[in-house]
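Structural overview
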Amino acid sequence: QVQLVESGGGLVQPGGSLRLSCAASGRTFSNYAVGWFRQAPGKEREFVAGISWSGDHTNYIDSVKGRFTISRDNAKNTVYLQMNNLNPEDTAVYYCAAGFVIRSYYDSLEYDYWGQGTQVTVSS
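Residues numbered from 1 in each chain as written. Predicted model: local features only at pLDDT ≥ 70, side-chain atom pairs only at ≥ 80, totals over all residues. Heavy atoms only, no water.

A word on the nonpolar core
Judged by nonpolar contacts, the single largest core of 37 residues is most densely connected at Leu 4, Trp 36, Leu 81, Met 83 and Tyr 94. Of all elements in the fold, only β1 (2-7), β3 (18-26), β4 (33-39), β5 (46-51), β7 (68-73), β8 (78-83), β9 (92-99) and β11 (118-122) reach the threshold of two or more residues within this core. Element by element, the count of residues in this core is highest for β9, at five residues. Not counting residues up to four positions away in its chain, the partners in contact with Leu 4 are Cys 22, Ala 23, Ala 24, Phe 29, Cys 96, Ala 97, Ala 98, Tyr 113, Trp 114, Gly 115 and Gln 116. (Core = buried A, V, L, I, M, F, W, Y, C linked by side-chain atoms within 4.5 Å. Buried < 20%, exposed > 50% of the residue type's maximum accessible area, 1.4 Å probe, protein only. Helix = DSSP H or I, 4+ residues; strand = E, 2+ residues; numbered from the N terminus. Contact = heavy atoms within 4.5 Å.)

Printed below as a string of structure tokens:
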């Protein structure tokens, strides 16, 4: 079992920044790829960013490229999502998820464990 806890969400003005954290406990977290997903009200959950177990490979949806950065510190069992230049369309509950074998970061079914989510609201 891997337990995931997200933190760092909140209310931010357009153009602002937030850094989300996904802290893991349980099995060896460094063996797992991690993805960040988000779900806005009335919309389906969508993939945002993913990172391989080693951190060598990352993947982003087009709408966040150049604004969001995913990283990980396996010594701290934590994955981060740095979000810059936020806009109201980024408002959502953000979830982190971990998967032992990931063929497609975009597919939520590839992930074995999920956190409870953290709310991000971008509004003036």
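On we go.
Remarks on the pattern of salt bridges
Enumeration according to the criterion identifies five salt bridges in this entry. Here Asp 62 makes a salt bridge to Lys 65, at a shortest N to O gap of 3.1 Å. A relative accessible area of 65% means that Asp 62 is categorised as exposed. For Asp 90, the salt bridge identified is with Arg 67, shortest N-O distance 2.8 Å. One end of the pair, Asp 90, is in the loop between β8 and β9; the other, Arg 67, is in the loop between β6 (58-60) and β7, and 23 residues separate them in sequence. On the basis of relative accessible area, Arg 67 is assigned to the buried category, the value being 12%. In the salt-bridge network here, residues are joined through shared partners; they are Arg 38, Glu 46, Arg 67 and Asp 90. (Salt bridge = Lys/Arg side-chain N within 4 Å of Asp/Glu carboxyl O.)

Some details on the packing of aromatic side chains
According to the stated counting rule, one finds eight aromatic pairs in the structure shown. Centre to centre, the rings of Phe 37 and Phe 47 are 5.6 Å apart; their planes meet at 75°, and the pair counts as edge-to-face. Of the two residues, Phe 37 sits in strand β4 while Phe 47 sits in strand β5, which places them 10 residues apart along the sequence. Per residue, the accessibility class of Phe 37 equals that of Phe 47, and both read buried. An aromatic cluster of three or more residues is present, and its members are Phe 37, Phe 47, Tyr 105, Tyr 106, Tyr 111 and Trp 114. (Phe/Tyr/Trp six-rings, centres within 6.5 Å; stacked < 30°, edge-to-face > 60°.)

Some remarks on the sheet that holds β8
Overall, antiparallel pairing links the four strands, which are arranged β1-β3-β8-β7 in an open sheet. In the strand order of this sheet, the two ends are held by β1 and β7, each with one partner. Mean inter-strand twist for the sheet, computed between neighbouring axes without regard to direction, equals 15°. One ladder, built from six bridges, connects β7 with β8; its direction is antiparallel. Of the residues in β8, the one forming a bridge with Ser 71 is Tyr 80. (Pairing = 2+ DSSP bridges. Axes fitted to C-alpha atoms, helices over the stretch in contact; angles between N-to-C directions.)

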